[in-house]
Amino acid sequence: MGQRLSGGRSCLDVPGRLLPQPPPSPPPVRRKLALLFAMLCIWLYMFLYSCAGSCAAAPGLLLLGSGSRAAHAPPAPAPGPDGTTPRLPFQAAPATPLAAGREPAEGAASQEEQSPETPDSPSPISSFFSGSGSKQLPQAIIIGVKKGGTRALLEFLRVHPDVRAVGAEPHFFDRSYDKGLAWYRDLMPRTLDGQITMEKTPSYFVTREAPARISAMSKDTKLIVVVRDPVTRAISDYTQTLSKRPDIPTFESLTFKNRTTGLIDTSWSAIRIGIYAKHLEHWLRHFPIGQMLFVSGERLISDPAGELGRVQDFLGLKRIITDKHFYFNETKGFPCLKKAEGSSKPHCLGKTKGRTHPEIDREVVRLLRDFYRPFNLKFYQMTGQDFGWD
């Protein structure tokens, strides 16, 4: 048998405290809690990761437009290839009161289109994953027209989780083309696989160089044009300029080269923009008509879900934006979104939209309708759509 120790005890009788003992097992409740906590952490990580791109565009409440000015400010110029920062273009002041109501007025209005209407601010979750995704050149562009409803359309589209759009108008293909595609791409928001990058600059539609430049970027770019009764559009254009510069000439004096003969002044941008058929001809030299979608600005107000359905189909998106997203704001006279991107409060287009138009002489309106009628009919034929303006 074993060797005897002092006191007559065998080595087999050494107390258990002298031998190594296994650690006591944790109580069953503690093990379950630890397992539950680990599963919760994994679920939370996967949820946040999947929401990095899509949750930023999930519906939140929108009465179209008014976000923070900081978020709407145009993006700062990125350094060029040589490391220097490009200078902002200089805008000269108009020389005469009459000129003030014409071309410079178009530039002033264009600045308003960019300014405080739509933030490009991501949601907190999107900000947390700001490094996710990549910046892509836009696959779809809203190219026009000014005062047609382009801002409303972009606001509506941003509700879709698969649409990511830059807020401020880039004006790349008309004003900043010399800065290069790398500069343009850097303006875009980050997107994940399956998401579409978009931008809107209404002046592209009337810029002669824009069709060729966009085609050079990608012949597959989808183009969206929001059009509106050209007479109403011209008055709205004038109203916007008048709100900024009350001293401009009257609408009637700007409309005619000679009021006695009734000769319309097509050099005035407010009139020229509405000759849609003429501008469309330039685009059809570079893009097939099937690659362009023409949205009715009137139906965007009377049936926003219907028009958005057409747009979502055109972009190859699932129809997520429906009637349930809209309500009509009686004060503004516009449809508004119940929920907007990154928001949980009602939000409509800001005070720069829905201004009361000045009274225009009925004879002037009649002459303008007579002027636009043949151009409208040709536009209907070119697009295969009757917009009902005549």
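It should be emphasised that the depicted structure is a prediction, and the values quoted were computed from it without experimental measurement.

1. Observations regarding the sheet that holds strand β3 (residues 163-165)
Reading across the sheet, the five strands line up as β3-β5-β2-β6-β9 and stay open at both edges, with parallel pairing between neighbours. Lying at the two open borders of the sheet, with one neighbouring strand each, are β3 and β9 (292-296). Averaged over all pairs of adjacent strands, the angle between their axes in this sheet comes to 25°, without regard to strand direction. Pairing between β3 and strand β5 (residues 196-200): three bridges, direction parallel. Its bridge partner being in β5, A165 is matched across the sheet by M198. In the packing of helix α6 (residues 150-157) onto the sheet, contacts are made with β2 (140-144), β3, β5, β6 (222-227) and β9, and the angle to β2 comes to roughly 160°. Contacts from helix α12 (residues 276-284) reach β2, β6 and β9 within the one sheet, and its direction differs from that of β9 by about 160°.

2. What to know about unusual backbone geometry
Cis geometry is found at the peptide bond from G144 to V145, where omega equals -5°. Structurally, the position occupied by V145 is in the loop between β2 and α6. One non-glycine residue, K147, adopts positive backbone phi at about 60°. Inspection of the secondary structure assignment puts K147 in the loop between β2 and α6. The exposure class assigned to K147 is buried, which follows from its relative accessible area of 9%. Despite not being glycine, H171 shows a phi value in the positive range, around 50°.

3. Quick word on the nonpolar core
One recurring pattern in soluble globular proteins: nonpolar side chains tend to sit buried together. Core analysis: the largest hydrophobic core is formed by 31 residues, its most contacted members being I143, F173, Y184, Y204, I214, W283 and F379. Mapped onto this core, the elements with two or more residues apiece are β2, α7 (181-187), α8 (210-217), β6, α12, β9 and α15 (362-383). At four residues, the largest contribution of residues to this core is made by α12. If we skip the residues at most four places from it in the chain, I214 touches I141, I143, F173, Y204, T221, L223, W283 and F287.

4. Some points on α15
Helix length check: α15 (22 residues) gives 30 Å between terminal C-alpha atoms against 32 Å at 1.5 Å per residue, within 8%. At R373, α15 shows its maximal kink, close to 40°; a proline, P374, follows between one and four residues later. Taken as a whole, α15 has its buried residues at V364, L368, F371, Y372, N376, F379, Y380 and T383. Taking the backbone nitrogen of E363 as reference, a side-chain oxygen 2.7 Å away marks D361 as the first, capping residue of α15.

5. Describing the UniProt feature "binding site: 3'-phosphoadenylyl sulfate" (unreviewed entry) in the protein chain
Using the residue numbers shown here, the UniProt feature "binding site: 3'-phosphoadenylyl sulfate" (unreviewed entry) corresponds to K147, G148, G149, T150, R151, R228, S236, K353, G354, R355, T356 and H357. With respect to the secondary-structure elements, R151 resides in helix α6.

6. Describing the side chain of D237
Take D237: it is sitting in helix α9 (residues 230-244). Looking at D237, the relative accessible area reads 3%, which means it is buried. In this structure, D237 is in contact with K146, K147, A270 and I273, ignoring residues within four places of it in sequence.

7. Observations concerning the pairing of β5
With five of five residues buried, β5 lies mostly within the body of the structure. Burial along β5 is two-sided: the face carrying I196, M198 and K200 and the face carrying T197 and E199 are both buried. Here β2 pairs with β5 via three bridges, running parallel. Bridge assignment links I141 to a residue of β5, and that residue is E199.

8. Remarks on the packing of aromatic side chains
Scanning the entire structure with this criterion turns up 23 aromatic pairs. Centroid distance F172 to F173: 4.9 Å. Interplanar angle 75°. Geometry classified as edge-to-face. Accessibility assignment for this pair places F172 and F173 in one class, buried. Of the aromatic side chains, those joined through ring pairs into one cluster are F172, F173, Y177, W183, Y184 and Y204. Over the face of the ring belonging to F314 we find K222, whose NZ or CZ atom lies 5.5 Å from the ring centre.

9. What to know about the pattern of salt bridges
What the rule picks out here adds up to 13 salt bridges. Measuring nitrogen to oxygen at the nearest pair gives 2.5 Å for the salt bridge that ties D313 to R319. Among the residues examined, R319 registers a relative accessible area of 48% and is labelled partly exposed. With its nearest N and O atoms 2.5 Å apart, the salt bridge here joins E363 to R366. With a gap of three residues between them, E363 and R366 both fall in helix α15, about one helical turn apart. Sharing partners across several salt bridges, the network here consists of E363, R366, D370, R373 and D390.

10. Remarks on a nonpolar patch on the surface
A contiguous nonpolar patch, built from V29, L33 and L36 and spanning about 320 Å² of accessible area, is present on the exposed surface. The topology assignment puts V29 in helix α1 (residues 28-54). For V29, a relative accessible area of 59% gives the class exposed.

Rules of the game
Residues numbered from 1 in each chain as written. Predicted model: local features only at pLDDT ≥ 70, side-chain atom pairs only at ≥ 80, totals over all residues. Heavy atoms only, no water. Pairing = 2+ DSSP bridges. Helix = DSSP H or I, 4+ residues; strand = E, 2+ residues; numbered from the N terminus. Axes fitted to C-alpha atoms, helices over the stretch in contact; angles between N-to-C directions. Contact = heavy atoms within 4.5 Å. Buried < 20%, exposed > 50% of the residue type's maximum accessible area, 1.4 Å probe, protein only. Core = buried A, V, L, I, M, F, W, Y, C linked by side-chain atoms within 4.5 Å. Expected span 1.5 Å × (residues − 1). Bend = angle between axes of the 7 residues up to and from the residue. Polar contact = N/O pair within 3.5 Å; in protein donor to acceptor, adjacent residues only side chain to side chain. UniProt positions renumbered as here; feature names shortened; annotations may be inferred. Phe/Tyr/Trp six-rings, centres within 6.5 Å; stacked < 30°, edge-to-face > 60°. Lys NZ or Arg CZ within 6 Å of the ring centre and 35° of its normal. Salt bridge = Lys/Arg side-chain N within 4 Å of Asp/Glu carboxyl O. Patch = residues over 30% accessible without salt bridge, like charges linked within 9 Å, V, L, I, M, F, W, Y side chains within 5 Å. Areas by Shrake-Rupley, 256 points an atom, 1.4 Å probe, with all protein chains shown as cover.

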